[in-house]
Amino acid sequence: QVQLVESGGGLVQAGGSLRLSCLASGRFFSINAMMWYRQAPGKQRELVATISSGGNTNYADSVKGRFTISRDNAKNTVYLQMNSLKPEDTAVYYCNADLVIEYSLLRNYWGRGTQVTVSS
């Protein structure tokens, strides 16, 4: 059993902040890359932020400078700190991770998503 569970979503006013968390649990050897995606109604799912096992980060242009992805390897958790939120950030946010299940075997997993709603 491997599971990713997001938390921290909710309703926030424009300009406000939220911190999303994603906990990986179950049997795995280690976690490689961890990612946050989002999907707004009627739109395709988009990659928001990525963090490598070594802590290197990448962001979508739309969130660069406002969002920060981080990880706590001891807690098997990835975070997405979202500041200066805009209504266009409204979406379901999904956690995604590449987990080492066996030596040299990577498998990709998705969380079920958490709703973020930003009011104007």
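Above: the structure in question.
Note that the structure is a prediction, hence the values are computed from the model and not measured.

(A) A look at the state of the cysteines. Per the stated rule, a full pass over the model turns up 1 disulfide. Each disulfide pairs two cysteine sulfurs, and for Cys22 the partner residue is Cys95, the sulfurs being separated by 2.0 Å. On the sign convention where negative means left-handed, the S-S torsion of about -85° between Cys22 and Cys95 marks this disulfide as left-handed. Remark: Cys95 occurs in strand 9 (residues 91-102) and Cys22 occurs in strand 3 (residues 18-26); sequence separation between them is 73 residues. We classify Cys95 as buried; its relative accessible area is 0%.

(B) Fine view of the sheet that holds strand 1 (residues 2-7). Strand order in this open sheet of 4 strands is 1-3-8-7, and the pairing throughout is antiparallel. One side of each edge strand has no neighbouring strand; the edge strands of this open sheet are strand 1 and strand 7 (67-72). Sheet twist, expressed as the average angle between the axes of neighbouring strands with direction ignored, equals 15°. With 6 bridges connecting them, strand 3 and strand 8 (residues 77-82) associate as antiparallel partners. Counted as the bridge partner of Cys22 is Val78 from strand 8.

Conventions used here
Residues numbered from 1 in each chain as written. Predicted model: local features only at pLDDT ≥ 70, side-chain atom pairs only at ≥ 80, totals over all residues. Heavy atoms only, no water. Disulfide = S-S within 2.5 Å. Helix = DSSP H or I, 4+ residues; strand = E, 2+ residues; numbered from the N terminus. Buried < 20%, exposed > 50% of the residue type's maximum accessible area, 1.4 Å probe, protein only. Pairing = 2+ DSSP bridges. Axes fitted to C-alpha atoms, helices over the stretch in contact; angles between N-to-C directions.

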